[in-house]
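For reference, the chains in residue letters:
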Amino acid sequence: TTTDAEHPGVQMVQDQKAWNIAGSVKVLSESYFPTEFKGIYQRPAESRKIFEEKGWKTIAALQLRNPMHRSHEFLAKIAVEVSDGIYIHQLVGKLKPGDIPAEVRVRCIDTLVENYFVKERVVTGGYPLDMRYGGPREGLLHGVFRQNFGCTHMIIGRDHAGVGDYYGPFDAQDAFHELWEGALECKMLPIDWTFYCHKCDGMASMKTCPLSKEDRVMLSGTALRKALSEGGDVPSEFSRKEVLDILREYYSGLEEKVEVKLHGHATGEAGQKK
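Draft legend 1. Structural view of the nonpolar core. Membership of the largest hydrophobic core comes to 36 residues, with the highest contact counts inside it found for Leu62, Met68, Ile86, Ile88, Ile155 and Leu247. When residues of this core are traced back to their parent elements, those giving at least two are strand S1 (59-64), helix H3 (70-82), strand S2 (85-91), helix H4 (102-116), helix H7 (221-229) and helix H8 (241-252). The element contributing the most residues to this core is H8, with six residues. With residues near it in sequence (within four places) discarded, isoleucine 155 still touches Ala61, Leu62, Leu75, Ala76, Ala79, Ile86, His160, Leu189 and Ile191. Trp56, Phe149, Ile156 and Phe176 belong to the second-largest nonpolar core, a separate cluster that totals 15 residues.

Draft legend 2. Seen up close, the sheet that holds strand S6 (residues 194-197). Strand order in the open sheet formed by three strands is S7-S6-S8, with antiparallel pairing between adjacent strands. In the strand order of this sheet, the two ends are held by strand S7 (202-205) and strand S8 (216-217), each with one partner. Alignment of S6 against S7, held across four bridges, turns out to be antiparallel. What sits directly across from phenylalanine 195, in S7, is alanine 204. Packing against the sheet, H3 makes contact with S6 and S7, and its axis sits at approximately 110° to S6.

Draft legend 3. Layout of the confidence of the model for the chain. With 90% of its residues at a pLDDT of 70 or more, the chain has an overall mean of 87. Considering only residues more than four positions removed or in separate chains, one finds that residues 262-274, a stretch of pLDDT under 50, has 35 contacts.

Draft legend 4. Up close: the pattern of salt bridges. Using the criterion set out here, one finds eight salt bridges in the structure. For arginine 240, the salt bridge is made with glutamate 73, and the minimal N-O distance between the two is 2.7 Å. On the criterion of sequence distance, the pair formed by arginine 240 in the loop between H7 and H8 and glutamate 73 in helix H3 is long-range, its members being 167 residues apart. Each member of the pair arginine 240 and glutamate 73 is classed as buried. The salt bridge involving glutamate 249 is made with arginine 107; its shortest N-O contact spans 3.4 Å. Placement of the pair is glutamate 249 in helix H8 and arginine 107 in helix H4, with a sequence separation of 142 residues.

Draft legend 5. Focus on empty space enclosed by the protein. Considering all chains together, one arrives at one cavity of 30 Å³ or more under this definition. Together, Gly135, Pro136, Asp159, His160, Tyr167, Gly168, Pro169, Asp171 and Ala172 line the largest cavity. A breakdown of the residues in the lining of the largest cavity according to their chemical character gives four nonpolar, three polar and two charged.

Draft legend 6. Representation of the side chain of arginine 240 in the model. Here glutamate 73 takes part through its side chain, which lies 2.7 Å from a polar atom of the side chain of arginine 240. With residues near it in sequence (within four places) discarded, arginine 240 still touches Arg70, Glu73, Leu112 and Tyr116.

Draft legend 7. Layout of the pairing of S2. Burial within S2 is extensive, with seven of its seven residues counted as buried. Where burial is concerned, the two faces of S2 agree: the one with Gly85, Tyr87, His89 and Leu91 and the one with Ile86, Ile88 and Gln90 are both buried. Where S1 lies against S2, six bridges are found, and the strand directions are parallel. From the neighbouring strand, leucine 64 faces S2, where its bridge partner is glutamine 90. Regarding the hand of the β-α-β motif, the stretch spanning S1, H3 and S2 is right-handed. Bridging between S2 and strand S3 (residues 122-127) involves six bridges; their strand directions are parallel. The partner of isoleucine 88 across the bridge, within S3, is threonine 124.

Draft legend 8. Highlighting unusual backbone geometry. Phi at tyrosine 133 takes a positive value of approximately 55°, unusual for a residue other than glycine. According to the relative accessible area criterion, tyrosine 133 is buried, its value standing at 1%. The phi torsion at aspartate 201 lies on the positive side, around 60°, for a residue other than glycine. With respect to the secondary-structure elements, aspartate 201 resides in the loop between S6 and S7. Overall, the relative accessible area of 59% leaves aspartate 201 in the exposed class.

Definitions and limits used
- Residues numbered from 1 in each chain as written.
- Predicted model: local features only at pLDDT ≥ 70, side-chain atom pairs only at ≥ 80, totals over all residues.
- Heavy atoms only, no water.
- Core = buried A, V, L, I, M, F, W, Y, C linked by side-chain atoms within 4.5 Å.
- Buried < 20%, exposed > 50% of the residue type's maximum accessible area, 1.4 Å probe, protein only.
- Helix = DSSP H or I, 4+ residues; strand = E, 2+ residues; numbered from the N terminus.
- Contact = heavy atoms within 4.5 Å.
- Pairing = 2+ DSSP bridges.
- Axes fitted to C-alpha atoms, helices over the stretch in contact; angles between N-to-C directions.
- pLDDT = per-residue confidence, 0-100.
- Salt bridge = Lys/Arg side-chain N within 4 Å of Asp/Glu carboxyl O.
- 1 Å grid on protein atoms, 1.4 Å probe; cavity = no way out; pocket = protein on both sides within 12 Å on 5 of 7 lines; lining within 4 Å.
- Points joined across faces, edges and corners; volume = space filled by probe spheres on them.
- Nonpolar A, V, L, I, M, F, W, Y, C, P; charged D, E, K, R; others polar.
- Polar contact = N/O pair within 3.5 Å; in protein donor to acceptor, adjacent residues only side chain to side chain.
- Right-handed = clockwise from strand over helix to strand, strands pointing away.

Pasting the structure below:
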């Protein structure tokens, strides 16, 4: 836990009013869900019905708060290989300043799914809650969400629900390992850091690639935003051309360019043209 005011989740709490109401959550207001995303919104009963109609018995969930790049695609396809299907479940609530807006991320994910996935093996959806960047505890909460939506497994990769260097890269996996028997029906699908390796000539992970970091294409989300905001090159091995085209279109429409830091706890903001 942290009380650092630079942490975006701490900022969110501090920006609230003086009083909060505690207790069991009985109803989640759907009025919170943005109108433009109603096409990808499913209630848990609806996603479960989709899985039942498809005849899926094992469903792996992939939580996404970023545009879907080659590493995310690789995670999803690993899950498809060992499951009946993948539920790409996008978070379209509020993120931290400087992150790519939900409507842009949705376009990126839809484009990638349309062009690079077997349609019978993938379902996309979205949910409206905000990221708290709470690291391992938020990872467990995400597991509860996906259990409610009918998923039997959830991908937990590097730095799930993390931000900056507040948590270790695999603390969320450790949190799942520490659960007692029966705590969650939705099981973790732990996957290591993934990347493109030039010498391996394909996507790989720390568990499968024995080569050096010089052979690997590894970009953080912050490094990607920095390159795009400055008009720099992004390796094609990191992200599909169709996704990069959408992101370049978005960044070219930004009026202000504010420096994006590659380390520390905050990223820069950019002002949208009016």
